[in-house]
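Architecture at a glance
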Amino acid sequence: QNFDYNPEIKSASLFSGFVNWSEIYLAKYIDLFIFSHPKRGEIFSKNLQINESKIIYAYNSLKIHPEIKKSKNKKNLIWTGSIGPGHSLLNIIKSYAYLDKKIKLKIFGKIEDYLYFNQMEKIIEKLNLKKRIIIHKFVPEFKIKKELKASYAAIALYEPIITSHKYMAGASAKINSYLANSLPVIVSDNVDFSNFSKKFKASISVDIRSPKSISKAINKIITNKKIYNQLRSNSYKAHIDEFNFEKQFKKIDDRLNILR
């Protein structure tokens with residue numbers, strides 16, 4: 001099963017339609033489904049009438065990273081992903097109007113929607129944020145990895161407009177990469193991420209509709225060293241304890257051994 005399950009999206013292309021149909025048709029012949037979030041698997045099981053005993057959950061994680069002990073650049077936050085709707089990017093940009101001018105944001109991603117990207121650029125220009133919010137398009141992976149190591153904190157907001165965005169804790173590749181790099185994370189305040197923040201204490205949940213709420217969280221991380229150190233330590237602990245490839249793959253391997 002692919003990482004995102006969004007049954008509400010109806011594809012207009014014949015190929016995608018065929019793939020969706022094939023997934024439904026072939027489901028009854030599959031011995032094991034792997035989902036990156038329990039709720040996605042639950043919805044899939046109900047919609048396709050699949051026995052939940054055939055489903056296993058493995059978070060979309062990276063291999064165990066060595067802890068980054070060197071100091072990070074206190075001025076820089078990072079955002080990575082697909083540049084387009086669904087990630088509250090417009091409100092993230094607006095939040096910088098309420099922050100100290102020394103605080104910067106580096107956005108790394110592939111542009112999926114150029115109309116949306118144009119909106120982002122207009123807001124950056126209108127709020128005079130060109131020197132503080134830098135957008136890097138189509139950047140090689142090794143450069144992003146380097147920036148992750150140097151960044152102070154990260155932002156990953158998901159608007160609950162589709163199933164996968166409602167249930168993203170653990171499934172988000174970018175959040176798991178932030179944890180692997182000991183980064184405190186600013187996340188959405190929906191039920192899924194609020195529970196994530198309470199359990200792992202590596203993130204701060206914000207109202208994604210409010211630029212002021214986002215800026216308040218950023219400011220708390222930047223200005224309060226005690227909170228920052230706690231979040232950073234818990235971030236790496238979450239990576240070691242739960243969100244790493246070795247632990248997640250063992251779940252799959254154990255189940256495969258049973259099937260064999």
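Our subject is the structure listed above.
Residues numbered from 1 in each chain as written. Predicted model: local features only at pLDDT ≥ 70, side-chain atom pairs only at ≥ 80, totals over all residues. Heavy atoms only, no water.

Turning next to a nonpolar patch on the surface. Nonpolar side chains collect at one region of the surface, where Phe-15, Phe-18, Val-19, Trp-21, Tyr-25, Leu-26 and Tyr-29 lie side by side and expose about 810 Å² of accessible area between them. Position of Leu-26 among the secondary structure elements: in helix H1 (residues 14-26). (Patch = residues over 30% accessible without salt bridge, like charges linked within 9 Å, V, L, I, M, F, W, Y side chains within 5 Å. Areas by Shrake-Rupley, 256 points an atom, 1.4 Å probe, with all protein chains shown as cover. Salt bridge = Lys/Arg side-chain N within 4 Å of Asp/Glu carboxyl O. Helix = DSSP H or I, 4+ residues; strand = E, 2+ residues; numbered from the N terminus.)

Here we come to the environment of Ser-188. Mapped onto the secondary structure, Ser-188 falls in strand S7 (residues 185-188). Taking the relative accessible area as the measure of exposure, Ser-188 reaches 2% and is therefore buried. A C-alpha to C-alpha distance of 24 Å links Ser-188 and Gln-248, two positions 60 residues apart in sequence. Once you skip the residues sitting within four places of it in the chain, Ser-188 turns out to touch Ala-156, Leu-157, Tyr-158, Phe-193, Ser-194, Ser-205, Val-206 and Ile-208. A polar side-chain atom of Ser-188 sits 2.8 Å from the main-chain amide nitrogen of Tyr-158. (Buried < 20%, exposed > 50% of the residue type's maximum accessible area, 1.4 Å probe, protein only. Contact = heavy atoms within 4.5 Å. Polar contact = N/O pair within 3.5 Å; in protein donor to acceptor, adjacent residues only side chain to side chain.)

The next thing to look at is the nonpolar core. Nonpolar side chains tend toward joint burial in soluble globular proteins. Formed by 36 residues in total, the largest nonpolar core has its most connected members in Leu-77 and Ile-218. Among residues more than four places away in sequence, those in contact with Leu-77 are Tyr-96, Ile-103, Lys-104, Leu-105, Lys-106, Ala-153, Ile-155, Ile-186, Ile-218 and Ile-222. (Core = buried A, V, L, I, M, F, W, Y, C linked by side-chain atoms within 4.5 Å.)

Before going further, it helps to spend a moment on the side chain of Ser-88. Relative to the assigned elements, Ser-88 resides in the loop between strand S3 (76-83) and helix H3 (89-95). A relative accessible area of 4% places Ser-88 in the buried class. When neighbours within four sequence positions are excluded, Ser-88 is seen to be in contact with Tyr-116, Leu-157, Glu-159 and Ile-208.

This paragraph deals with the pattern of salt bridges. Applying the stated criterion across every chain yields a total of 8 salt bridges. For the salt bridge of Glu-242 with Lys-247, the shortest nitrogen-to-oxygen distance reads 3.1 Å. A relative accessible area of 35% places Lys-247 in the partly exposed class. Its salt-bridge partner being Lys-251, residue Glu-242 comes within 4.0 Å of it at the nearest N-O pair. Each of Glu-242, Lys-247 and Lys-251 takes part in a single network of salt bridges with overlapping partners.

Pairing is parallel across the open sheet formed by 6 strands, whose spatial order is S5-S4-S3-S6-S7-S8. The open sheet has two edge strands, strand S5 (133-137) and strand S8 (203-206), and neither has a second partner. Going from strand to strand, the sheet's axes swing by 25° on average, the running direction of each strand aside. Pairing geometry for S7 and S8, over 4 bridges, is parallel. By the bridge assignment, Val-185 is partnered in S8 with Ser-203. Of the strands in this sheet, S3, strand S6 (153-156), S7 and S8 are in contact with helix H9 (residues 211-223), which crosses S8 at around 160°. (Pairing = 2+ DSSP bridges. Axes fitted to C-alpha atoms, helices over the stretch in contact; angles between N-to-C directions.)

In this section: the pairing of S6. Because side chains alternate across S6, one face comprises the buried residues Ala-153 and Ile-155, and the other comprises Ala-154 and Ala-156, equally buried. With 2 bridges connecting them, S3 and S6 associate as parallel partners. Within the sheet, the bridge partner assigned to Leu-77 lies in S6 and is Ala-153. In this structure, S6 lies alongside S7, joined through 3 bridges in parallel fashion. Bridging from a neighbouring strand, Ile-155 pairs with Ile-186 of S7.

Scope: geometric values only; no functional claims are made or implied.
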